[in-house]
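Given next are the chains, with one letter for each unit.
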Amino acid sequence: MDYANEETGLIGGKSSSNIAASMKGPLGLTIGALQVAAAAILFSMFSYGEVDEFTTEKYVIFRDIMVMLLLGFGYLMTFLEKYGLGAVGFTMLLTALNMEVNLIVENLLNGNTTISLDSIIDAEFSAAALLISFGALIGRATPLQMCAISILEAIFYTINKVIIVFGLIKAEDVGGTITIHMFGAYFGLACAYVLGPQEKASAENNSASRVSDVFSLVGTTLLWVYWPSFVGATETGVPANEMHCLINTIMALIGSTGATFFLSQFLNDGKFDAVHVQNSTLAGGVAIGATARLAMGPGVAFLVGLCAGLISVLGYFYSSPFLEDKLGIFDTCGVGNLHGYPSVLGGLASILLVSFNFDADFLEYGVGAQQCLMQLAAVVSTLVAAIVTGLISSFLVTNVLFGTFLAEFAVTEDYEDAVWWIDVE
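What you see is a predicted model, and the numbers here were worked out from it, not measured in a lab.

Rules of the game
- Residues numbered from 1 in each chain as written.
- Predicted model: local features only at pLDDT ≥ 70, side-chain atom pairs only at ≥ 80, totals over all residues.
- Heavy atoms only, no water.
- Bend = angle between axes of the 7 residues up to and from the residue.
- Helix = DSSP H or I, 4+ residues; strand = E, 2+ residues; numbered from the N terminus.
- Buried < 20%, exposed > 50% of the residue type's maximum accessible area, 1.4 Å probe, protein only.
- Contact = heavy atoms within 4.5 Å.
- Phe/Tyr/Trp six-rings, centres within 6.5 Å; stacked < 30°, edge-to-face > 60°.
- Lys NZ or Arg CZ within 6 Å of the ring centre and 35° of its normal.
- Axes fitted to C-alpha atoms, helices over the stretch in contact; angles between N-to-C directions.
- Parallel < 35°, antiparallel > 145°, perpendicular 65-115°, else oblique.
- Left-handed = near helix turned anticlockwise from the far one by under 90°.
- Salt bridge = Lys/Arg side-chain N within 4 Å of Asp/Glu carboxyl O.

S.K.: Teacher, can you tell me more about helix α6 (residues 143-169) here?
M.R.: Structurally, the α-helix is built with 3.6 residues per turn, so residues lying three or four positions apart point the same way. In the structure, α6 departs most strongly from a straight axis at Lys161, where the bend amounts to approximately 30°. At the C-terminal side of α6, Lys170 shows a positive phi close to 60°.

S.K.: Looking at this structure, how should I read the environment of Val397?
M.R.: Note that Val397 resides in helix α14 (residues 369-401). On the basis of relative accessibility, which here comes to 4%, the residue Val397 falls in the buried class. In this structure, the C-alpha to C-alpha distance between Val397 and Asp64, residues 333 residues apart in sequence, is 32 Å. Residues within four places of Val397 in sequence aside, it is in contact with Gln145, Ala148, Ile149, Leu152 and Phe402.

S.K.: Teacher, can you tell me more about the packing of aromatic side chains here?
M.R.: For any pair of aromatic rings, the description rests on two quantities: the centre-to-centre distance and the angle between the ring planes. According to the stated counting rule, one finds 11 aromatic pairs in the structure shown. Ring geometry for Tyr75 against Phe215: centres 6.1 Å apart, planes inclined by 20°, an arrangement best described as stacked. Of this pair, Tyr75 sits in helix α3 (residues 56-76) while Phe215 sits in helix α8 (residues 210-231), placing them 140 residues apart in sequence. Each residue in the set Tyr83, Phe90 and Trp421 is aromatic and connected to the rest through ring pairs, giving one cluster. The side chain of Lys200 reaches across the aromatic face of Phe409, ending 4.0 Å from its centre. Above the face of the Phe362 ring, Arg293 is positioned so that its terminal group lies 4.1 Å from the ring centre.

S.K.: Got a minute to help me understand unusual backbone geometry in this structure?
M.R.: Apart from glycine, the bulk of residues carry a negative phi angle, and the bulk of peptide bonds sit in the trans form. In the Ramachandran plot, Lys170 falls in the positive-phi region, its phi being about 60° despite a non-glycine side chain. Relative to the elements of secondary structure, Lys170 occurs in the loop between α6 and α7 (177-195). Classification of Lys170 by relative accessible area gives partly exposed; the value is 33%.

S.K.: Looking at this structure, I do not really get the packing of α3 against α8. What am I missing?
M.R.: One way to put it is that α3 packs onto α8 with a least axis distance of 8 Å and a crossing angle of 155°. If you check the angle between α3 and α8, you find them roughly antiparallel. The way α3 lies across α8 gives a crossing that is left-handed. Listed contacts from α8 to Ile61, Asp64, Ile65, Val67, Met68, Leu71, Gly72, Phe73, Tyr75 and Leu76 of α3 are Phe215, Ser216, Gly219, Thr220, Leu222, Leu223, Tyr226, Trp227, Ser229 and Phe230.

S.K.: Is there a simple way to think about the pattern of salt bridges in this case?
M.R.: For side chains bearing opposite charge, pairing can occur when the charged atoms are close. Tallied over the full model, the rule gives 6 salt bridges. The partner of Asp122 in a salt bridge is Lys161, with the nearest N and O atoms 3.4 Å apart. With Asp122 in helix α5 (residues 117-137) and Lys161 in helix α6, the pair connects residues that are 39 residues apart, well separated along the chain. On the basis of relative accessibility, which here comes to 22%, the residue Asp122 falls in the partly exposed class. The residue Lys200 makes a salt bridge to Asp414 at a minimum N-O spacing of 3.1 Å. You can see Lys200 sitting in the loop between α7 and α8 and its partner Asp414 sitting in the segment after α15 (406-409), a full 214 residues away along the chain. In this pair, the class of Lys200 matches that of Asp414, namely buried. Because the salt bridges share partners, they merge into one network encompassing Glu106, Asp122 and Lys161.

Honestly, that's just the spatial picture; any functional story needs more than this.
Structure (structure tokens):
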């Protein structure tokens, strides 16, 4: 049965919509044009990196991160009972599109015209930021909107990372707390703000079942297992730094997991909330990234994770309803709680931790006040860049590229695979 042609109920009435057919041309053109442009640029301007730079360890890192992106993020978002295909399928599409753009833009900004495993891993980081943003919009934004956003975010993310955070400011952020998690979360929340309040009757589709929650937990466990590889991805050639990244990340994840289970049952009369376990257990990995290669000690890393887990659960319990009721921001996956608040915590923690002498000779300004100020500058500039570019991107996509479809979009069911996938029953 083709459910996409059924009537879709709205508050205030019913209307029919077959928006997928209407968007076939623009969506195909967006995807196709990017493939043609990427092929032309890669063919004419790029070559392989040096063989001496290749190591099997880098391929293992690439593989681990790709598992996080396609399986971890993809299955984490399958908690939506009627949007499992969209969660996993669109994750694959958006990852590929974003990586294509980043491979070109980031290499060119760095004055590089070679494709190496290092540049591919950097492209995976860009895709991670996008998938974080996707979590705030999943089920509501259409594939056309998300494809356009994936292209724009790849550009803005790269500018913030290469030119601002690591270029002008030269902040410490080995695991992407600031450049990836913070940027992706607040870019996505800004896009969700432009998308507006959820006023459709199909809002009731934003729900989970026992089966969809289990699938989502599979995504959680995959992310948990591979997160240390993500944080230590750039440090495979420096054993001490790599060890600190891995151990600090593991300790932070253990801390956030314990904190999540404790606070979840405390707030819910002794019962656990699957949403908390699916997400907040990972908050330690988000928060520790900015300082992961510092020899801070396992106890400090554990404490950072503990605080991140507590803040994340409190966000789901208190902040999400507030944002929906007072600001009209509907954050489907709660990325503000998993990536937003913990990344701010991690960024602020980095201001303190870089002031201690951990023999961190990799800090651009050394131990002292200047490095602390640069960490603060990176946090503030990334928050501003993410919110401003998110608002601009979503406005352009929604009102310019997507403007002719707004009436049809208003009567299209949200969080429903049958709108976008054939033979869904």
